[in-house]
Amino acid sequence: MCARLRLAAGSVLWLVLGGWIGASSYFALVVALAVFRVLPSAELAGRVVDAVYTPLQLYGVGAGLVLAALGLLLGRSRWLVVHPAVLSVLCFTSHFGITARLDEVRDAAFGAGGAVPEAAASAEFWRLHAGSMGLHTAVLLGAGWVLGLHVR
């Protein structure tokens, strides 16, 4: 591979990886906390967080695939091809599995429109929410691990 293409691929790799880690960290440490502190209800704050989190999850799907492709193009180790692809799958699962189900049970869990909250829906909502937070943390730590492997 020519030096210019290698430089361009490496630059894109660092931009995608840095953007992913930076955006995920900022979301978890600043955005989510601020929204729940400022808005008057947990339901409203959750809806805002969901609106912000959706593009972040979709970015993770794409970023993982781009990083895997760039790892392959740059001749990096198998881990630097497989690991980002796995992180992409986790983001896909989070968005189209966990978050989609959270959206389905949210109204029943919080009693939207004056309805009485359903205990079973509330329990499912909080179980899914904990899973979503755990998965976000795992993806963020995994992206940090990818960063460390690329630096090495």
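Residues numbered from 1 in each chain as written. Predicted model: local features only at pLDDT ≥ 70, side-chain atom pairs only at ≥ 80, totals over all residues. Heavy atoms only, no water.

Asker: Before we move on, could you go through the overall build of the protein and cite the residues and values that matter?
Answerer: Counting its secondary structure elements, the protein contains four helices and zero strands. For the protein, the α and β elements follow one another from N to C terminus as α-α-α-α. For the protein, the spread of C-alpha atoms along the principal axes amounts to about 65 × 25 × 20 Å. Taken over 152 residues, the protein has a buried fraction of 38%. Nonlocal contacts in the protein, meaning residues at least 24 apart in sequence, comprise 70% of its contacts between residues at least 6 apart. Total accessible area on the protein is roughly 8400 Å²; 71% of this is exposed by carbon and sulfur atoms. Side-chain charges in the protein split into 10 positive and 7 negative, and the spacing between the mean points of these groups amounts to 24 Å. (Helix = DSSP H or I, 4+ residues; strand = E, 2+ residues; numbered from the N terminus. Buried < 20%, exposed > 50% of the residue type's maximum accessible area, 1.4 Å probe, protein only. Contact = heavy atoms within 4.5 Å. Areas by Shrake-Rupley, 256 points an atom, 1.4 Å probe, with all protein chains shown as cover. Lys, Arg positive; Asp, Glu negative; His and termini not counted. Charge placed at Lys NZ, Arg CZ, Asp CG, Glu CD.)

Asker: So what's going on with the pattern of salt bridges? Which residues, and what values?
Answerer: In the structure shown here, the tally under the stated rule is five salt bridges. Measuring nitrogen to oxygen at the nearest pair gives 2.8 Å for the salt bridge that ties E124 to R101. Placement of E124 in helix α4 (residues 119-151) and of R101 in helix α3 (residues 79-110) is noted, with a sequence separation of 23 residues between them. Two residues, R106 and D103, come together in a salt bridge whose shortest N-O distance is 2.8 Å. In this pair, R106 and D103 are both assigned in helix α3, three residues apart and thus about one turn of the helix distant. Classification of D103 as partly exposed rests on a relative accessible area of 35%. Each member of the salt-bridge network shares a partner with another, and the members are E43, R47 and D107. (Salt bridge = Lys/Arg side-chain N within 4 Å of Asp/Glu carboxyl O.)

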